[in-house]
Amino acid sequence: MLRLEDLRGLGPKRIKALRDAGVDGAAAVPERLPKSYAYALEPTPIASLKPGEHCVEATVEGSPSLSYYAGRSLARASLQDGTGAVSAHWFNQPWMARNLKHGQKVLLYGKAQAYRGRLVLINPRLLQKKGVQPLYQSLPGLPGKVFSSLVSQVLEATRPEAMETLPAALRDRFGLAGRHEALRMAHFPLGRDEVARAQRRIAFENLLLFQTAVRQAAPGGQAGIRMDREGDGASGFWEALPFAPTGAQRRTLDAILADMASGLAMRRLVQGDVGSGKTAVALGAAAFAAGNGYQSALMAPTELLARQHALTAERLLAPLGISVGLLTGSLPASRRREALEGIRSGEWQLVVGTHALLGKSVRFSKLGLAITDEQHRFGVRQRRTLAELARGELAPHVLALSATPIPRSLALVLYGDLQVSVMDESPPGRKAVKTRIVPESKREELYRYLRERALLGEQSFLVCPLVEEDEEGEAKSAKAMYAQLAEGPLKGVGLALTYGTQPAAEREEALDAFYSGRAMVLVSTTVIEVGMDVPNATTMVVEDADRFGLAQLHQLRGRVGRGEKESWCFLLGEENERLETLVQTSDGFVIAQKDLELRGPGEFLGTRQHGRMLDAYGIGDTRLLEETGRCLEELQLGALGTDAYLEVLRQAEARFGQPGNARLD
Ligand code: ADP
Ligand code: MG
């Protein structure tokens, strides 16, 4: 086995950078695929630049300048190539201003974009030579050139058969490159067609193995706990709620209760747009389980959402005499002990929590129902594991909730044989959130608007793409934004800040300030995407909206428009077809379909795990899903030989774990 230490050009610092990026052995080096490619084949004459990606060969005119605005640096250089002149802008790459000299010849690759009425190259890459060049997520202290050399060392030292994962019969049948060749083409492509062949092979493999694992994990038709519908849980539950259920809520809960009473283990996915009221339905199911003497677990992807669910559940279920508890990773030791005891003794009838629910020391007394909220944010393993928490003979019922309306082709891949309920109705009185795209030039006006709303007692969300500035420096960071607003445009308006990696106590304080109305504007990253429910919030502002997926923007927009008042969503960015979709429609399914078409499945789902499994960088093609689905069928039918199927099963297990031993912790 080749180790990282065996590769030339790697010191301890670089090895650490690799390990931090998840590359834990030499074999994993070529698996770290390029983020994208620069197709620097033919330079475009400056005079004929249009908006879009270009390669430009030019001379630097004069000395580049460097300025600072809102905590970001901006390096600018003028370029000319005999046909015309254009400027290049680099955000947060101050070294560009230092490195470029008057008269220097440069080869640049990047996006030409309108800026104050002129075309400008935004954050172009400096290239050494023409050709197709892989672009990698940068690693601290490890230049792209060194990384490329590592890849070729590993590929040279590895026999193709040793890294193959798909049987030859299958590769022939579906026209797939060998794995070794695919990785070579991915890292050292000779042309566009090689990139395409590499992507097809890798995407195909990821999708096929993932689909296989899902199918294995969720065979369906298993015997389950038969719950008793005597005295019917549902009508009593709805009567106890402060609102009348929508038709869709009633229908969905009925279907769930029928499943739970059927004698087979339920596997049902509830898909309903943001705000359609899925939580109440899930709580109805938990109430039914409690009435039958069983515990329920409700797992949410973020601590924020788990806490909120615990509060809601407490409010709605306590009057029915059902006890609710919370278990998250950040509980202090004493509360954690209490929680584990409440779960073990069965005193807690509904346990709400995060991943912490999957911890080794969590023992349920009698788990009958496992609910996951925002299902698509979890991986296959976690989904399976929650159901396995039960120690009884029979599998607990599984209920999954998702607000991302997943198009059918993708749902089949992700969920295998789940039953699906669609909640296509909003609670009455909801008004569509009005949406506008706001260009940079109107920023000050937008801040004035937030200020006015705050004076009227209405709250706003302001979402930024990342916590810290990212390597390309384009994304505005929540922290920098917060600091800047507090000093300048929103001075005197109560502000709060939250983000994913924030220490728990700070976060609690920030959210509390916002929930209670002490803070009028909440600056955050996308941690608020799922579940945040503040009816008094009427404005959603999204910075750099183009960086988000449409489905994600739709989710974010769903955070407002929950009260009586008119609500607005402002997307900062340039007008384009993608963002225009959100202005035009508030139908989550239409938006999701568009998003899937534009970005491909992995990006669409927007999670790292799915990203890795489904995305295979850059494949934007749902047809591939159908093809891998067909491939799996052929394998199961034995059309490609028994050995081929066994091999694929083995590979799927190796990658995604074996059903039954899939504890994450
Ligand atoms: P989601 O489907 O996005 O998870 P929630 O369950 O969070 O939606 O519900 C959104 C809001 O709508 C909550 O404040 C909830 O109390 C409220 N709600 C749910 N069902 C109804 C209903 N039938 N009538 C009125 N309000 C409702
Ligand atoms: Mg929800």
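Just above sits the structure.
All values reported here derive from a predicted model rather than from experimental measurement. Throughout, a residue's number is its position along its own chain's written sequence, starting from 1. Going through the entries in the order they are written, you letter the chains from A and number the ligands from 1. In keeping with the model being predicted, local features are shown solely for residues with a pLDDT of at least 70 and side-chain atom pairs are shown and tallied solely at 80 or more, while totals for entire chains, interfaces and linings include all residues. Hydrogens are left out, water is left out, and the side-chain values use all remaining heavy atoms of the structure.

**What about helix H15 (residues 478-487)?**
Here is the rule: Burial classes: relative accessible area under 20% of the type maximum marks a residue as buried, over 50% as exposed, and values in between as partly exposed (1.4 Å probe, protein chains only). A run of H or I in DSSP counts as a helix once it spans at least four residues, and a run of E counts as a strand once it spans at least two, with each numbered from the N terminus. By definition, the arc is the one covered by directions from the helix axis to the C-beta atoms. Throughout, a contact is declared for two residues whenever any of their heavy atoms are within 4.5 Å.
Turning to H15, its buried residues are Ala478, Met481 and Leu485. Along H15, the residues classed as buried sweep out an arc of 60° about the axis, all on the same side. In this fold, the buried residues of H15 make contact with helix H14 (443-455), strand E16 (459-463), strand E17 (495-498) and strand E18 (521-524).

**Focus: unusual backbone geometry**
Non-glycine residue Asn92 carries a positive phi angle of around 55°. Relative to the elements of secondary structure, Asn92 occurs in the loop between strand E4 (85-91) and helix H2 (95-99). For Asn92, a relative accessible area of 17% translates into the label buried. Its identity is not glycine, yet Asp544 carries a phi of approximately 45°, on the positive side. Along the polypeptide, Asp544 turns up in the loop between strand E19 (537-542) and helix H17 (550-557).

**Considering the packing of helix H10 (residues 303-317) against helix H16 (residues 504-515)**
Inclusion rule: Axis lines are fitted to C-alpha atoms, over the contacting stretch for helices. Their N-to-C directions set the angle, which ranges from 0 to 180 degrees. Each angle gets one of four labels, with under 35 degrees taken as roughly parallel, over 145 as roughly antiparallel, 65 to 115 as roughly perpendicular, and the rest as oblique. Whether a crossing is left-handed or right-handed is set by the direction in which the near helix is turned from the far one by less than a right angle, anticlockwise for left-handed and clockwise for right-handed. Ten residue types, Ala, Val, Leu, Ile, Met, Phe, Trp, Tyr, Cys and Pro, are classed as nonpolar, four, Asp, Glu, Lys and Arg, as charged, and the remainder, Gly among them, as polar.
Orientation of H10 relative to H16, taken along the N-to-C sense of each, is 50°, at an axis distance of 12 Å. Judged on the interaxial angle alone, H16 and H10 are oblique. The two elements H10 and H16 cross, and the hand of that crossing is right-handed. Seen from H10, the contacting residues are Glu303, Leu304, Arg307 and Gln308; seen from H16, they are Arg507, Glu508, Leu511 and Tyr515. Of the residues assigned to the contact of H10 with H16, the class counts are three nonpolar, one polar and four charged.

**Overview of the packing of aromatic side chains**
Here is the rule we go by: Only Phe, Tyr and Trp rings are paired, with Trp represented by its six-membered ring, and only when their centres lie within 6.5 Å; those with planes under 30 degrees apart are stacked, over 60 edge-to-face, the remainder tilted.
One pass over the structure, following the stated rule, counts seven aromatic pairs. Relative to Phe570, the ring of Tyr449 has its centre 5.4 Å away and its plane inclined at 75°; by these criteria the two rings are edge-to-face. Taken together, the residues Tyr449 in helix H14 and Phe570 in strand E20 (residues 568-572) connect sequence positions 121 residues apart. Phe570 sits in the buried class, given a relative accessible area of 9%.

**Some details on the site of ligand 1**
Worth spelling out the cut-off: What makes a residue near a molecule or strand is one non-hydrogen atom of that residue sitting within 4 Å of it. Here a polar contact means two N or O atoms within 3.5 Å. Within protein one must be a hydrogen donor candidate and the other an acceptor candidate, and residues neighboring in sequence count only if both atoms are side-chain atoms. Per-residue accessibility takes into account occlusion by the displayed protein chains alone, with areas from the Shrake-Rupley method and a 1.4 Å probe.
Taken together, 16 residues form the shell around ligand 1, and within it Gly275, Lys278, Thr279, Arg430 and Asp533 come nearest. The contact in question runs from an oxygen atom of ligand 1 to an N or O atom on the backbone of Ser276, over 3.4 Å. One of the side-chain nitrogen or oxygen atoms of Lys278 is found 2.7 Å away from an oxygen atom of ligand 1. For ligand 1, the accessible surface in isolation is 570 Å², of which the surrounding protein chains cover 82%.

**Things to note about a nonpolar patch on the surface**
Basically, it comes down to this: Like-charged residues within 9 Å of one another, or nonpolar side chains (Val, Leu, Ile, Met, Phe, Trp, Tyr) within 5 Å, are grouped into patches, provided each residue has over 30% relative accessible area and no salt bridge. The term salt bridge refers to a pairing of a side-chain nitrogen on Lys or Arg with a carboxyl oxygen on Asp or Glu at a separation within 4 Å.
A cluster of nonpolar residues, Val420, Val422 and Phe589, forms a patch on the protein surface that exposes about 220 Å² of accessible area. The topology assignment puts Val420 in strand E14 (residues 419-423). Overall, the relative accessible area of 40% leaves Val420 in the partly exposed class.

**Quick word on the pattern of salt bridges**
Counting across every chain of the model gives 27 salt bridges. As a salt-bridge pair, Glu440 and Arg443 come within 2.7 Å of each other at their nearest N and O atoms. Look at Arg443 and you get buried, because its relative accessible area is 5%. Of the charged contacts, one joins Arg453 and Glu458 as a salt bridge, the two residues approaching to 3.3 Å between their closest N and O atoms. Overall, the relative accessible area of 6% leaves Glu458 in the buried class. When salt bridges that share partners are traced, they join Glu31, Glu164, Arg171, Arg179, Arg201 and Glu205 into one network.

**Some thoughts on the sheet that holds strand E2 (residues 52-69)**
Here is the rule: Between any two strands, pairing holds if DSSP finds at least two bridges.
As summarised here, the arrangement of the five strands in space is E2-E3-E4-E6-E5, forming a closed barrel in which the pairing is mixed. For this sheet, the mean inter-axis angle between neighbouring strands, taken without regard to orientation, is 50°. Pairing analysis gives eight bridges linking E2 to strand E5 (residues 105-115), with the strands arranged antiparallel. Looking at the pairing, Glu53 lines up with Lys111 of E5.

Any link to function would need more than the numbers given here.
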